[in-house]
Amino acid sequence: MLEIKNLHVSVEGKKILKGLNLTVNAGEVHSIMGPNGSGKSTLASVLAGRDGYEVTEGQVLYRGEDLLGMAPEERAHEGVFLAFQYPVEIPGVGSIQFLTAALNAIREHRGLEELDALDALKLFKDKIKALHVSDELLGRSVNEGFSGGEKKKNEIFQMAVLEPTLAVLDETDSGLDIDALRIVAEGVNALRSPERAFLVITHYQRLLSYIVPDFVHVLVNGRIVRSGEKELALHLEEYGYAWAGQRDPTGVGSG
Amino acid sequence: MNTPEIEALAQREYKYGFVTEIEQEFAPPGLSEEIIRFISAKKGEPDWMLEWRLRAYRYWKEQYEAGKEPQWAFLPYGYGPIDYQAISYYAAPKQRPESLDEVDPELLATYEKLGIPLEERKWLAGVAVDAVFDSVSVATTFKAELEKHGIIFCSFSEAVRDHAELVQEYIGSVVPHTDNFFAALNSAVFSDGSFVYVPKGVRCPMELSTYFRINAAQTGQFERTLIIADEGSYVSYMEGCTAPMRDENQLHAAVVELVALDDATIKYSTIQNWYPGDEEGHGGIYNFVTKRGACRGARSKISWTQVETGSAITWKYPSCILQGDNSVGEFYSVALTNLRQQADTGTKMIHIGKNTKSTIVSKGISAGRGQNTYRGMVKIMKGAEHARNYTQCDSLLIGDKCGAHTFPYIEVKNRTAKMEHEASTSKIGEDQMFYCQQRGIGMEDAISLIVAGFCKEVFRELPMEFAVEAQKLLSVSLEGSVG
């Protein structure tokens, strides 16, 4: 589904990603772990199409097509979803209105009929209930005055509504208490399916106890230095990222 | 004025070189006492009205000769000098296009974007529609309903004729001809406009709209409106519509006067969408308007809501004089400047009575190379015990070639006053845009969404159908402002 080949990315002239390779197949959950400044969020931003990231080399194919050539909204239409690390507030714009606009833009692209306000509202209520999140969030402006936890839950709720094909979660677990973490994880797990893939970017192993990944990759200094299965995350927790950068110290990683 | 007098006037006018068809329909360009007499005669006005116009004209002439055309508005791009002698102050209705085929396709495209029904498009574009869109019958039904309640709603000219005592009592009582240069000009040459009187204790059962007034189509460039709400009455008045209005006259100088007596409420909503000119600032209307309401009675209330998206230059301060004790003034405004538009708009709240209260919510949106200025004054007079004002003044910038400016003036002469002022300036964040786009919402829709959110507090003050149209209008006005 997603093939990243030798990706080099600079931000304001500074090289952040330096030859990243990654293949994600449908149905898989991949976790990207790494220390601060290793390029995790840059990867998420580049996949979603944020401005200001210059791809100097390499290629990203999504379902066989050149992802980097698409506008951000086209990527969304094609099923790419980013759960933001810092969801932005949009004052005065109702959550329902916002999500209805998003949903209908995507439905239109998929050749589906527009949902009217009532049907959309019913859908939102069902989805938010399934996540055990208060539907009081629906009555407010997009992320306005939301607590950190509410913002992250709202991201997961939006993901549940928009049903993406490839979901990228950018440090969705950071700053969450254990209850919120569980809600986020359950939201992701409920969406896991053979047609859908997840890229879970995180700093801590903690989240991976709830969302069990198929593969774990360690990103250090703009490159994936080690890949393995879920046990790799535990080793990381124990030995730290410096260890991961060494040449195959345990034989766990497949490089 | 009786017939021989008019004939005598017509004779004299002929001497001054007017067009000499049997039925004279327009005056040559230029402004003089003779022209004023001509206009007044054409309208069959009584002497007192003519005298009133002439007084205003003489005042305006003094001002003009002394070079006192106002210069204080903040218009960074300036504007060309206005040649008052080149303007025709009484023009015959223009030749109407026979069908939509003769109308500017760009104008029609905009109507379509705004979702205006086909029949109405014809009416708006000025196509002769009598047989198709039966505005006459709509207006007649409307009128019968109003008459049942004793409400007077007619053109200003009709009011001068049929309700002289009311017009005479109130005209110029809120905006005297000496108020400012353009008010003086309007008082001298006003073409037509609306007149509303709501009797004691009557709640007007419908929104009054210029849209439904039969002869609204030719109110012209010097519109004059007078609304009087008698004790305990209520009226909501809507001016303009979202459809772009094309007009060959560059200078518009309207005057609106509102009078609310004891316990009366007037709600005045405007959508202004005159031609804004092109990207280089060519063409476009100069919209120099004086709007003011007097809360004369105790517990009276006047609420202004405006959505200003048109005109090359807008110069407009709908104000409230809070004379009655416990009276309330409100001003809710959205002003959008795109292209090379310049707007200097705001309000004045003059607190005279005790416990008077005013609220100002101003939302300025600048895009393209638009320049948007909020200018507001809150004045608490000595006797205004326990007056309160809340002002909120927000600016939103789209792109980096536009400007937003704020000039609040506050004058407090009574120490029991309570004043609050909040102001903010923000740019549509790239973060907000990206967030919308990442969810699948395209750039232009994202801008519309964010701008509508920004304007929410004002839109909810508009009558329902107006609010929906206003939101659509903002989207259309902002088209092409990003990219």
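Residues numbered from 1 in each chain as written. Chains lettered and ligands numbered in written order. Predicted model: local features only at pLDDT ≥ 70, side-chain atom pairs only at ≥ 80, totals over all residues. Heavy atoms only, no water.

> Even after reading the chapter, I still don't get the overall build of chain A, so can you show me in this structure?
Helix and strand counts for chain A come out as eight helices and twelve strands. Over its C-alpha trace chain A gives a radius of gyration of 18 Å, about what one expects of a compact globule, namely 18 Å for 255 residues. Counting only residues that meet the buried cut, chain A has 54% of its 255 residues in that class. Restricting to contacts in chain A with at least 6 residues of sequence separation, those with at least 24 account for 68%. (Helix = DSSP H or I, 4+ residues; strand = E, 2+ residues; numbered from the N terminus. Rg over C-alpha atoms; globule rule 2.2 N^0.38 Å. Buried < 20%, exposed > 50% of the residue type's maximum accessible area, 1.4 Å probe, protein only. Contact = heavy atoms within 4.5 Å.)

> Is there a simple way to think about the interface of chain A and chain B in this case?
When the parts of a complex come together, some accessible area is lost, and that lost area is often used as the size of the interface. The partner chain B presents 18 residues to the 30 residues of chain A that form the contact. Counting the surface lost from both chain A and chain B, the interface buries some 1,900 Å², and carbon and sulfur atoms represent 64% of this. For the interface between chain A and chain B, the tally reads two salt bridges. The closest approach of N and O atoms between Arg50 of chain A and Asp431 of chain B, which form a salt bridge, is 3.1 Å. When contributions to the side of chain A that touches chain B are tallied by element, the ones reaching two or more residues are α2 (72–77), β6 (80–83), β7 (90–94), α3 (95–109), β8 (141–142) and α5 (148–162) of chain A. A per-class count over the side of chain A that touches chain B returns 19 nonpolar, seven polar and four charged. (Buried area = accessible area lost by both parts, 1.4 Å probe. Salt bridge = Lys/Arg side-chain N within 4 Å of Asp/Glu carboxyl O. Nonpolar A, V, L, I, M, F, W, Y, C, P; charged D, E, K, R; others polar.)

> Looking at this structure, how should I read helix α10 (residues 430–438) of chain B?
Counting along an α-helix, one turn takes 3.6 residues, and residues three or four places apart therefore face a common direction. Residues and elements named next belong to chain B. Most of α10 is tucked away: seven of the nine residues are buried. Looking at α10, one finds that the buried residues are Gln432, Met433, Phe434, Tyr435, Cys436, Gln437 and Gln438. One or two residues past the end of α10 sits Gly440, with phi positive at roughly 105°.

> Honestly, the sheet that holds strand β1 (residues 2–11) of chain A in this entry has me stumped. Any pointers?
Remark on secondary structure: sheet strands pair via backbone hydrogen bonds, oriented parallel or antiparallel. Residue and element names in this part refer to chain A. In space, the four strands of this open sheet follow the order β2-β1-β4-β5, with antiparallel pairing throughout. Of all the strands in the sheet, the pair left with one neighbour each is β2 (14–24) and β5 (65–66). Taken together, the two bridges between strand β4 (residues 54–62) and β5 define a ladder with antiparallel strand orientation. Pairing of Leu61 across the sheet is with Asp66, part of β5. Strands β1, β2 and β4 of the sheet are contacted by helix α1 (residues 40–48), whose axis makes an angle of about 110° with β1. (Pairing = 2+ DSSP bridges. Axes fitted to C-alpha atoms, helices over the stretch in contact; angles between N-to-C directions.)

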